[in-house]
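Here is what each chain is made of, one letter per residue.
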Amino acid sequence: MLRVRRFTKFRIGPAVYRDSRPVEIRAWTVGGEPVPFEHAVAQRFEPFSVGEVWGRPWDTVWFDVRGDVPADWEPDETELVVDLGFTGDQPGFQAEGTVYRPDGTIVKAIEPLNAWAPLPGPGPFRLLIEAAANPIVQVPYEYEPTSLGDKATAGDAFQYRLAELSVSRRDPVVWELLQDVRTLDGLVDVLPPDGSRRAEIVHALERMVDVMDPDDVHGTAALGREALAPALAGGAADSSLIVTAVGHAHIDCAWLWPVRETVRKVARTFANVLDLADRDPDFVFAASSAQQYAWLKESRPDLFERVRKAVADGVVRPVGGMWVESDTNMPGGEALARQFVLGKRFFLEEFGVETEEAWLPDSFGYTAALPQIVRAAGARYFLTQKPSWNEVNRMPHSSFHWEGIDGSRVFTHFPPAETYNSDLGASDLARTESSFRQKGAARHVLGLFGWGDGGGGPTREMLAAAERKKDLDGVPRVRLGDPRSFFATAEAELPEPPVWVGEMYLELHRGTLTSQQRGKRGNRHSEALLREAELWAATAAVLRGTPYPYDALESAWRTVLLQQFHDILPGTSIAWVHQEAERDHERVATELTELIDASLAAVAGDGDAPVAANAGPYPQAGVPALGVAPATPPAAARPRWHGDRIVLEDEQLYAEVDRRGTLVSVVDRAADRELLPRGLAGGVLQLFRDTPREWDAWDINDEDKRSGRDLLDPVSVDIADGSVLVRHAWDGTSIDMTIRLVDGRIEYGFDVDWHESQKLLKLAFPLDVRADKATSEIQFGHIHRPIHQNTSWDEARFETVAHRWIHVGEPGYGVAVANDVVYGHDVRNGHAPDGKPMTTARLSLLRAPRYPDPAADQGRHPFTVSLRPGGIPDAIADGYAQHLPLRTTRGTPTEPLVQVSDPAVVVESVKLAEDRSGDLVVRLYEAHGNRSRATVRTSFDWSEVTATDLLERPSDSEAVRDVSPGSAVDLVMRPFELLTLRFRDPAA
Ligand SMILES: [Zn+2]
């Protein structure tokens, strides 16, 4: 094969273009952020030549290209060929260009492996190229710190040298020959080495070289194709799988480039897709993320209109129905619901398309809440491939039912090529066959082809591969098709699919629950503010007739949902992205706080008495849930020295803090029980080495837990302002930790000034509890996870997500640990020094990875954490109390809009309807995992109540059992059931 490969590389490849002519180039450097075409085209362009350097990091250079197409060149052979200075073959991770006509319409993009644009017919032409000097931030997978991810530190060295820009004449026969060779050559590497099929192919390839003249490739290419034809003619085996090949471009909303570059990436990718669609009538392209279509609509309305037509023609298929392909571990329940509400609404309003498949090929693990949310959004299928990245365990199914915490199921498929960036090459197809777990029972699989991550999408070479593999001996049958018909076929051929129940934990990227903590704080805080803003605006609208701020709320939601993208909220992008995310969260906080203040002023009226607004679902300090009333907050226990320990005690707990700043005793008076294992301290800060094998911002490696130390030598331990104040300080980092006892709950406050590099900070609570599982809050409920290491699955699950609380317990007794902003936790069983069984619950507070953002997590970080004995209902209440503290104001008490009779049924959202009809929407869920009965009473009048889906359309829920019009609704909720109620004509 050496002979064949050398001939291909050095004879056939260079002969794809048979002739080329120079063009006249002029250039204008923007020297800053991208500008619109109209602005660029009006600038003064300077002469420029091939071979010159261009592009400082993140800058844009516009090239004005003028040339002449010879009269005797065929239009479909004539192309503009551009090499912006590409290195390697990673489209989307380096320079890219957009080609425009002089009227500002887009022709196509220029990227590595797709570096050409069609030209008009013979005669003179003019095109403009908007070339983005996106620096290469990622030397493939070395994870070295780089200054290129922040414009402030990226320097001003030119990143690229223009290597080619010409009018070239392609030889279609040579090009087709090259595609033939690639198809067969790929098979050589995947077929059984001793098999006759491989021998047949090698023989044909050798024959091709024999019959071709190396000095006249153009003249003998047809002979070469003839030599290969028999090897391409053999059909696939009867038993072969059938791959529905769907064009795709995974476009990360931000990652190793900022959000603003993704706006251009989307335009470039769709331009490529529309060009390709003109060349193959069977080509179908699936694109998710309403946000990306919205960017296109705003930035390139002409291209968006072409996409709209392509959607109507069935060429472009909107999929997924989410605003962005978000992380699913960390977004709160309501936010994850809104990803679908805003996404699906966009697709319905702009295209009239109801998306049926949730589409998350690249997120870092999948919450057990998702099947119900997907169902409630009116979808029924789920697609991902990320579990193939598991370090240890292989998922047992490829096509299956995925069942969530409430029992909802979605038909799920993992494209068995285990990539969303396939080129339809033989190795991807071979993997498709080998890794498809339902083979035998099923034959249909999905294949996603097209350059992705940084976009780009499918190429004509990929379509050529698909064409040759329609029915080819040695690979599955490839059929261009669309996701919906694939799912319908795959579901129909597996009438009794296997079932995966619960979370799809990703055994990788566990550090994403902790990296870039400030963005996580922003997310949690924004989610709370959105709830408050909607609740009080809806209350003001219904009770006082105040106009509801629809636009401001939708805009805030869009901002927050974008920042939940699977490389932003997880903390795995360059510095630029995270700085912008923090600024966005701050801006949203300011805007929402103004809305909340204005709404509360309307709700609470003109009174002058101090009152507090409680946006939480449970009463707090005497203020009813969702109501406004005077607050009577419980007093904190006064700490006092007793010997060399500080004692905190109230009616429920007795606790002691020692000179190390740790709890050495916590006695639950009612249970007459010590919470801490004998000989072990609680509330211990632990510092670990955090030097992952790879994927720095993404990964925490279990072996780094072997290299940790407890922080037991504080600078000081004092009593200050009614709290115990523990201060740690070393090498520029300081941690101020306050400990209080309030109403039977130990409350920690942290102010960390963090200047570490590659360290992980945890807070540990060893507990004298014999637990076999930990319970963690997720969206609209909670899950239990084993905390032993009996199986490789249990062992690999060493860092897990929880939202506002975790709980460990024995039958009848447990301990709740709640937080205001932590997501990463680990809980393990073990034995205390005295040999007694115990459980250690830890929270991961901070990391300091150095790639891709070398300054990640530096600076100030506040945290609150609470600990108390209690059951899961107590944990739920504590979580909400930390998430939604009382907001003090002045005015008169106001009754809540709705009151729920059973604490198991939680109000998650109160808002006005998306259709702006003025209807009131209340979203509830059953939080205890039980079958619960509750009555929802309203303080307003209404004409009709309907159970709806997330899009507020009538649903088939059976939860509503009895209705007292205008006043009450009786519910029977199944475990963890999510329910949306829509009240028509709400009025005071
Ligand atoms: Zn991605």
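A. Main features of the layout of surface pockets. The space that makes up the second largest pocket amounts to roughly 770 Å³. Looking at the second largest pocket, it is lined by 28 residues, and the ones nearest its centre are Gln620, Val742, Arg745, Glu747 and Ala881. The dominant element in the lining of the second largest pocket, judged by the number of residues it contributes, is helix 18 (residues 872-883), at 5 residues.

B. Geometry of the packing of helix 9 (residues 333-351) against helix 15 (residues 550-562). Taken N-terminus to C-terminus, the directions of helix 9 and helix 15 make an angle of 110°; their axes are 10 Å apart at the nearest point. Our classification of the angle between helix 9 and helix 15 gives roughly perpendicular. For helix 9 against helix 15, the interelement crossing comes out left-handed. Between helix 9 and helix 15, the contacting residues are Glu334, Ala335, Arg338, Gln339, Leu342, Arg345 and Phe346 on the first element and Glu554, Trp557, Arg558 and Leu561 on the second. Here the residues of the contact of helix 9 with helix 15 sort into 5 nonpolar, 1 polar and 5 charged.

C. Just the coordination of the zinc ion, in detail. Around the zinc ion, the protein contributes the donor atoms His250 (NE2), Asp252 (OD), Asp362 (OD) and His566 (NE2), which lie 1.9 to 2.1 Å from the metal centre. For the zinc ion, the 4 donor atoms in the first shell make angles of 89 to 163° at the metal, so the coordination geometry reads as irregular. Written as a sequence motif, the donor arrangement for the zinc ion is H-x1-D-x109-D-x203-H. With Asp362 in the loop between strand 16 (357-359) and helix 10 (370-376) and His566 in the loop between helix 15 and helix 16 (575-604), this residue pair connects regions lying 204 residues apart in the sequence.

D. Spotlight on empty space enclosed by the protein. Applying the stated criterion to the full structure yields 11 cavities of 30 Å³ or more. If you add up the space inside the largest cavity, you get close to 260 Å³. In terms of lining residues, the largest cavity is bounded by 26 residues, among which Gly332, Glu334, Arg804, His883 and Glu908 are the most central. For the lining of the largest cavity, the secondary structure elements donating two or more residues are helix 9, helix 14 (517-544), strand 37 (773-778), helix 18 and strand 47 (905-912). With 6 residues, the top contributor of residues to the lining of the largest cavity is helix 14.

E. Representation of the pairing of strand 5 (residues 60-69) in the model. Burial runs high along strand 5: 8 of the 10 residues are buried. In the sheet, strand 2 (residues 24-29) pairs with strand 5 via 6 bridges, with the strands oriented antiparallel. Bridge pairing links Thr29 to Val61 in strand 5. One ladder, built from 10 bridges, connects strand 5 with strand 10 (residues 123-132); its direction is antiparallel. In the sheet register, Thr60 faces strand 10, and the bridge partner there is Ala132.

F. Structural view of the pattern of salt bridges. One pass over the structure, following the stated rule, counts 90 salt bridges. Across the pair Asp736 and Arg727 runs a salt bridge, and its minimum N-O distance is 2.6 Å. A relative accessible area of 33% places Arg727 in the partly exposed class. The shortest N-O distance in the salt bridge between Glu914 and Lys911 comes to 2.9 Å. Classification of Lys911 by relative accessible area gives buried; the value is 1%. Salt bridges here are not isolated pairs; linked through shared partners, they connect Glu33, Glu96, Glu130, Lys151, Arg260, Glu261, Arg264, Lys265 and Arg268.

G. Structural view of the environment of Ile405. Within the element layout of this structure, Ile405 appears in the loop between strand 18 (399-403) and strand 19 (409-413). Spatially, the C-alpha atom of Ile405 lies 34 Å from that of Leu741, the residues being 336 residues apart in sequence. Setting aside anything within four residues of it in sequence, one finds Ile405 in contact with Ala368, Ala369, Ile778, Gln779, Phe780, Gly781, His782, Ile783 and Phe976.

H. Structural context of the packing of helix 14 against helix 16. Across the interface, helix 14 lies against helix 16 with an axial gap of 8 Å and an inter-helix angle of 25°. Between helix 14 and helix 16, the crossing angle belongs to the class labelled roughly parallel. Regarding helix 14 and helix 16, the two cross each other, and that crossing is left-handed. Broken down by class, the residue content of the contact of helix 14 with helix 16 amounts to 13 nonpolar, 9 polar and 4 charged.

I. Representation of the nonpolar core. Within the largest apolar cluster, 225 residues are counted, with the highest numbers of intra-cluster contacts made by Trp62, Met208, Phe270, Tyr293, Leu920 and Leu924. The greatest single-element share of this core, amounting to 12 residues, is contributed by helix 14. In terms of nonpolar packing, the next biggest core, distinct from the first, is built from 51 residues, Leu685, Tyr748, Phe765 and Ile806 among them.

J. Here's a closer look at the packing of aromatic side chains. Applying the stated criterion across every chain yields a total of 42 aromatic pairs. Centre to centre, the rings of Phe411 and Phe487 are 6.4 Å apart; their planes meet at 85°, and the pair counts as edge-to-face. One end of the pair, Phe411, is in strand 19; the other, Phe487, is in helix 13 (residues 483-493), and 76 residues separate them in sequence. You can call Phe411 buried: its relative accessible area is 1%. Seen from their ring centres, Trp695 and Trp698 are 4.9 Å apart, and the 70° between their planes marks the pair as edge-to-face.

The rules behind each value
Residues numbered from 1 in each chain as written. Predicted model: local features only at pLDDT ≥ 70, side-chain atom pairs only at ≥ 80, totals over all residues. Heavy atoms only, no water. 1 Å grid on protein atoms, 1.4 Å probe; cavity = no way out; pocket = protein on both sides within 12 Å on 5 of 7 lines; lining within 4 Å. Points joined across faces, edges and corners; volume = space filled by probe spheres on them. Helix = DSSP H or I, 4+ residues; strand = E, 2+ residues; numbered from the N terminus. Axes fitted to C-alpha atoms, helices over the stretch in contact; angles between N-to-C directions. Parallel < 35°, antiparallel > 145°, perpendicular 65-115°, else oblique. Left-handed = near helix turned anticlockwise from the far one by under 90°. Contact = heavy atoms within 4.5 Å. Nonpolar A, V, L, I, M, F, W, Y, C, P; charged D, E, K, R; others polar. Donors = N, O, S within 2.8 Å, 3.2 Å for Na, K, Ca; no water. Tetrahedral: all angles 85-135°; square planar, octahedral: opposite > 155°, others 65-115°. Buried < 20%, exposed > 50% of the residue type's maximum accessible area, 1.4 Å probe, protein only. Pairing = 2+ DSSP bridges. Salt bridge = Lys/Arg side-chain N within 4 Å of Asp/Glu carboxyl O. Core = buried A, V, L, I, M, F, W, Y, C linked by side-chain atoms within 4.5 Å. Phe/Tyr/Trp six-rings, centres within 6.5 Å; stacked < 30°, edge-to-face > 60°.

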